[in-house]
Amino acid sequence: MRPILLRNVRIFDGTGSPPYLGSVLIEGEHITAVGDIPVAAAAGGEVINGGGATLMPGLVEAHAHLSWPSSTERFIPEFILPPDEMLLAVIRNARILLEAGFTSAYSAGALGERVEVLVRDEINTGALPGPRLRAATIERSPEGDEAAVSHGRGPEAMRDFVRHCKEIGVDQVKLIISGEDALKPGSSQELMCTEEEVQAACDEARKQGLWVSAHTQASESIKMALRAGVRVLYHCTYADEEALDMLQAARDQIFVAPAIGVIVATLEATPPPHIDMSGMKAAAVPVIELASKLIPDLRRRGVRILPGGDYGFPFNPNGANARDLQHFVDLFGYTPTDALVAATKLGGELMGLELGQIKPGYLADLLLVDGDPTKNVSMLLDRSKLLMIMKGGKMHKAPAKTAQLQPA
Ligand SMILES: [Zn+2]
């Protein structure tokens, strides 16, 4: 692949350092130099004058649901689509996330067994546009739950499930350890798994080389997850003091994603009269209040907190994912820069890949932004401000030709 030199860009490198004017050289999939780079370094390649726009790492969505059908492009009232339509939705939503500036996505569960695995593999060959995807399968729900699939109970059934996940090729396993008030009032305090089941799932996942993430609302579900070695904890709304201490103690091994986007969107939603969201709205009120205290506290304790907010509902569509960054500013006391660090540098750590920072050796997943997102993160929601979207050194969206110069 020919080298690409991006010149005259304000570099936000993902670490939180203030943006500075410079150049970035990309060779193959990687960033190979950053700073003051002679044009000759791109000999035989391409030089792009960024015109002083901001160059930043691509965004990482920490709680993606590509098979949840609705998107900013298409309103889909049904939730679980027939298999053929679901596959189409995953393909479409993968492209939409990439076009929204998300070059990576960590799945929080799929509605089809292999849809994410199939689409991930096609993305990786370059046949389909989409983010790097840490794929999951159908979320592990206990027997008798109203979810799409019920699984057997007991530690052995858990091990079978994890081995099955390995066979179908997922990157990680999503467990539902507590219930969810938005689906069933009061159930956020209910435990959906036993200690033995969670331990068995995590132990088998370690043997199979898979990560485990989990839906954890009740305090005891958080503790159960931490004792077993769950890597990504979603929500954590009802963490008590002991759970907070345990989260802090595990901070170098874990990530927490509150998934606040769906909560804000639930409160904002104005559904048509035949759709009753009153239960969901009532459930969302205490979550906002608790999360507004919990997340700043966890952050002070050094826990890695990630944006990502259950996008895919008609009232919270895929493609609006960058809204979460503004929620971090409005609700959790983040500066725009802090929110960007969470979505880039910390997101790279979540993905377990060298991405999310602009530095030599890192994957060239980059956005060129018309303006300064460190002043206003909401601007990332405006597609016209994303002048360039690059993943692994390949342009998904190239800057307008007028901005490009020939190598001297
Ligand atoms: Zn979710």
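Residues numbered from 1 in each chain as written. Predicted model: local features only at pLDDT ≥ 70, side-chain atom pairs only at ≥ 80, totals over all residues.

Draft legend 1. Broad picture of the overall build of the protein chain. When helices and strands are counted, the protein chain shows 11 helices and 16 strands. Its C-alpha atoms give the protein chain a radius of gyration of 21 Å, within 12% of the compact-globule value 22 Å for 408 residues. In terms of its C-alpha atoms, the protein chain occupies a principal-axis envelope of roughly 65 × 45 × 40 Å. Across the 408 residues of the protein chain, 53% fall into the buried class. Partitioning the contacts of the protein chain with sequence separation of at least 6, the portion at a separation of at least 24 is 69%. (Helix = DSSP H or I, 4+ residues; strand = E, 2+ residues; numbered from the N terminus. Rg over C-alpha atoms; globule rule 2.2 N^0.38 Å. Buried ≥ 20, exposed ≤ 12 C-beta atoms within 10 Å, placed from the backbone. Contact = placed C-beta atoms within 7 Å.)

Draft legend 2. Representation of the packing of helix H3 (residues 155-168) against helix H4 (residues 195-208) within the structure. The contact between H3 and H4 brings their axes to 8 Å, and the two run at 30°. The pairing of H3 with H4 is recorded here as roughly parallel in orientation. Relative to H4, H3 is oriented so that their crossing is right-handed. Contact with H3, carried on its side by Pro155, Met158, Arg159, Val162, Arg163 and Lys166, involves Glu196, Glu197, Ala200, Ala201, Glu204, Ala205 and Gln208 of H4 and no other residues of that element. Grouping the amino acids of the contact of H3 with H4 by side-chain chemistry returns six nonpolar, one polar and six charged. (Axes fitted to C-alpha atoms, helices over the stretch in contact; angles between N-to-C directions. Parallel < 35°, antiparallel > 145°, perpendicular 65-115°, else oblique. Left-handed = near helix turned anticlockwise from the far one by under 90°. Nonpolar A, V, L, I, M, F, W, Y, C, P; charged D, E, K, R; others polar.)

Draft legend 3. Local environment of the pairing of strand E14 (residues 386-391). Counting buried positions along E14 yields six of six residues, so the element is predominantly enclosed. Pairing geometry for strand E13 (residues 366-369) and E14, over four bridges, is antiparallel. From the neighbouring strand, Leu366 faces E14, where its bridge partner is Met390. Where E14 and strand E15 (residues 394-397) come together, three bridges link them in antiparallel fashion. Its bridge partner lying in E15, Lys391 is registered against Lys394. (Pairing = 2+ DSSP bridges.)

Draft legend 4. Here's a closer look at the environment of Pro82. When you line up the elements, Pro82 lands in the loop between strand E6 (59-64) and helix H1 (83-99). Spatially, the C-alpha atom of Pro82 lies 9.4 Å from that of Gly112, the residues being 30 residues apart in sequence.

Draft legend 5. Region of the structure containing the sheet that holds strand E8 (residues 132-134). The three strands lie next to each other as E6-E7-E8, forming an open sheet whose pairing is parallel. Looking at the sheet topology across the chains shown, the edges are occupied by E6 and E8. The mean angle between the axes of side-by-side strands here comes to 15°, regardless of whether they run parallel or antiparallel. Bridging between E6 and strand E7 (residues 102-107) involves four bridges; their strand directions are parallel. Counted as the bridge partner of Ala64 is Ser107 from E7.

Draft legend 6. Representation of helix H2 (residues 115-125). All buried positions along H2 are accounted for by Val115, Glu116, Val117, Val119, Arg120 and Ile123. Buried residues in H2 make contact with H1, E7, E8 and H3. Within two residues after H2, Gly126 carries a phi angle of roughly 90°, on the positive side.

Draft legend 7. Quick look at the packing of helix H7 (residues 260-268) against helix H9 (residues 323-332). Their axes nearest at 9 Å, the elements H7 and H9 cross at an angle of 85°. One finds that H7 runs roughly perpendicular with respect to H9. Contacts between H7 and H9 involve Ile260, Gly261 and Val264 from the former and Arg323, Asp324, His327 and Leu331 from the latter. Of the residues assigned to the contact of H7 with H9, the class counts are three nonpolar, two polar and two charged.

Draft legend 8. Up close: the environment of Glu122. Relative to the elements of secondary structure, Glu122 occurs in helix H2. Sequence spacing of Glu122 and Ile91 is 31 residues, and the spatial spacing of their C-alpha atoms is 9.5 Å. Each residue touching Glu122, except ones within four places of it in the same chain, is listed here: Ala127 and Leu128.

Draft legend 9. A look at the sheet that holds strand E9 (residues 172-176). If you trace the four strands from one edge of the open sheet to the other, you get E9-E10-E11-E12, paired in parallel fashion. Every interior strand has two partners, whereas the edge strands, E9 and strand E12 (255-257), have only one. On average, each strand axis in the sheet is inclined to that of its neighbour by 20°, with strand direction left out of account. As paired elements, strand E10 (residues 211-216) and strand E11 (residues 232-235) share four bridges and run parallel to each other. Considered in E11, the bridge of Thr216 is made with His235.

Draft legend 10. The arrangement of the nonpolar core in detail. Counting 131 residues, the largest nonpolar core has Val24, Val173, Ala201, Val212, Ala225, Leu233 and Val256 as the members making the most contacts within it. Looking at this core, the element that brings in the most residues is helix H8 (residues 278-300), giving eight residues. Both domains that meet at this core, namely domain 1 (4-57 + 355-405) and domain 2 (59-321), each give it at least three residues. What Ala225 contacts, discounting residues up to four positions off in sequence, is Ile177, Val198, Ala214, Thr216, Val230 and Leu233. (Core = buried A, V, L, I, M, F, W, Y, C linked by C-beta atoms within 7 Å. Domains from an automatic or database assignment.)

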